[in-house]
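# A look at the structure
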Amino acid sequence: MRRFAVIGHRAMSKGKLPLNDLAGGAGRMDVLVRAVMSALLTSHGLRENVEVILHLQGGPGPHRRLKFVGTELRGFHAEERSVAGLIAKAIREPLPAIGQWIERTPGLYDGGGQLSHTLKEWNDSTIVRLDANGERLWKQDCTIPNDSTPNHQSIAFLLSDDQPLETEEGIARSLGTTWLQGHHAIAICHFLLDEGVQLNL
Ligand SMILES: C[S@@+](CC[C@H](N)C(=O)[O-])C[C@H]1O[C@@H](n2cnc3c(N)ncnc32)[C@H](O)[C@@H]1O
């Protein structure tokens with residue numbers, strides 16, 4: 001299982017999502033939409049071994065979490081506006097209690113809570129905090145195994161939007177010293193795992 005938790009510091013958590021203003025009025029929801037697409041989509045389909053939790057922290061009101069489950073998703077298309085539409089459908093509903101996940105559309109669950117709750121739920125995963133200033137995520141002197149067998153049962157990556165990730169949770173690991181867009185960072189994580197590159201954990 002590959003998991004991605006993305007923090008949306010200003011991302012709108014409740015109400016009518018402005019589909020024509022995802023970057024502005026919706027609080028950089030465009031960044032989260034790109035992240036969830038990069039985590040779940042290949043060129044021609046969905047990655048079934050992936051779960052993504054978006055953390056909507058921009059209000060109004062308490063933080064909200066949206067969980068996308070690759071094995072269960074239906075109607076998830078490679079089109080940003082359509083993915084934003086799924087998010088819009090979820091956040092116009094009343095916020096569920098922390099610990100309760102309500103399925104809004106197939107494979108998309110809506111819940112209360114914050115990163116600490118996600119980390120508790122993912123306690124069977126190795127947690128990696130993606131941070132350009134950390135040690136490299138991969139072992140640099142290793143060879144790629146011929147069979148490209150994925151080398152982790154369950155791994156969870158923590159990322160932020162355009163603002164710094166303010167947590168000390170997880171092992172800090174870097175994809176290089178250049179700060180990248182979050183969705184590019186996710187694509188590199190998939191590449192390393194798809195190719196069976198040995199990780200430095
Ligand atoms: C646009 S970056 C955030 C940049 C923000 N200014 C900061 O200081 O964190 C979005 C996320 O992508 C991940 N990321 C970007 N570049 C990375 C890199 N070179 N190595 C590891 N993670 C990276 C980080 O998790 C980061 O929070």
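This write-up is about the structure you can find in this document. All figures in this text were calculated on a predicted structure; none of them were measured in a lab.

## A word on the overall build of the chain
- In terms of helices and strands, the chain carries 4 helices and 8 strands.
- Here the C-alpha radius of gyration of the chain, 16 Å, is about what a compact globule of 201 residues would show, namely 17 Å.
- Projected onto its principal axes, the C-alpha coordinates of the chain cover approximately 50 × 35 × 30 Å.
- Relative to its full complement of 201 residues, the chain shows a buried share of 39%.

## Describing the nonpolar core
- Counting 51 residues, the largest nonpolar core has Met29, Val36 and Val52 as the members making the most contacts within it.
- In terms of residues, this core owes the most to one element, helix H1 (residues 29-40), which gives 9 residues.
- Those residues within four positions of valine 52 in sequence are excluded, and the remaining contacts are Phe4, Val6, Val36, Ala39, Leu40 and Phe68.

## A closer look at H1
- Between its first and last C-alpha atoms H1 spans 17 Å; for 12 residues at 1.5 Å apiece the expected length is 16 Å, and the two agree.
- Most of H1 sits out of view: 10 of its 12 residues are buried.
- When H1 is considered as a whole, its buried residues turn out to be Met29, Val31, Leu32, Val33, Ala35, Val36, Met37, Ser38, Ala39 and Leu40.
- Against strand E1 (2-8), strand E2 (50-56), strand E3 (64-69), helix H2 (80-91), strand E7 (155-160) and helix H4 (182-194) lie the buried residues of H1.

## Thoughts on the site of the ligand
- Taken together, 18 residues are adjacent to the ligand, and Leu130, Ala132, Leu159, Ser160 and Leu175 come closest.
- Residue assignment for the shell around the ligand shows that the elements contributing at least two residues are strand E6 (126-136), E7 and H4.
- Per-element accounting of the shell around the ligand gives the leading share, 3 residues, to E6.
- Taken together, the residues that form the shell around the ligand break down as 9 nonpolar, 7 polar and 2 charged.

Reading the values: the criteria
Residues numbered from 1 in each chain as written. Predicted model: local features only at pLDDT ≥ 70, side-chain atom pairs only at ≥ 80, totals over all residues. Helix = DSSP H or I, 4+ residues; strand = E, 2+ residues; numbered from the N terminus. Rg over C-alpha atoms; globule rule 2.2 N^0.38 Å. Buried ≥ 20, exposed ≤ 12 C-beta atoms within 10 Å, placed from the backbone. Core = buried A, V, L, I, M, F, W, Y, C linked by C-beta atoms within 7 Å. Contact = placed C-beta atoms within 7 Å. Expected span 1.5 Å × (residues − 1). Near = placed C-beta within 6 Å. Nonpolar A, V, L, I, M, F, W, Y, C, P; charged D, E, K, R; others polar.

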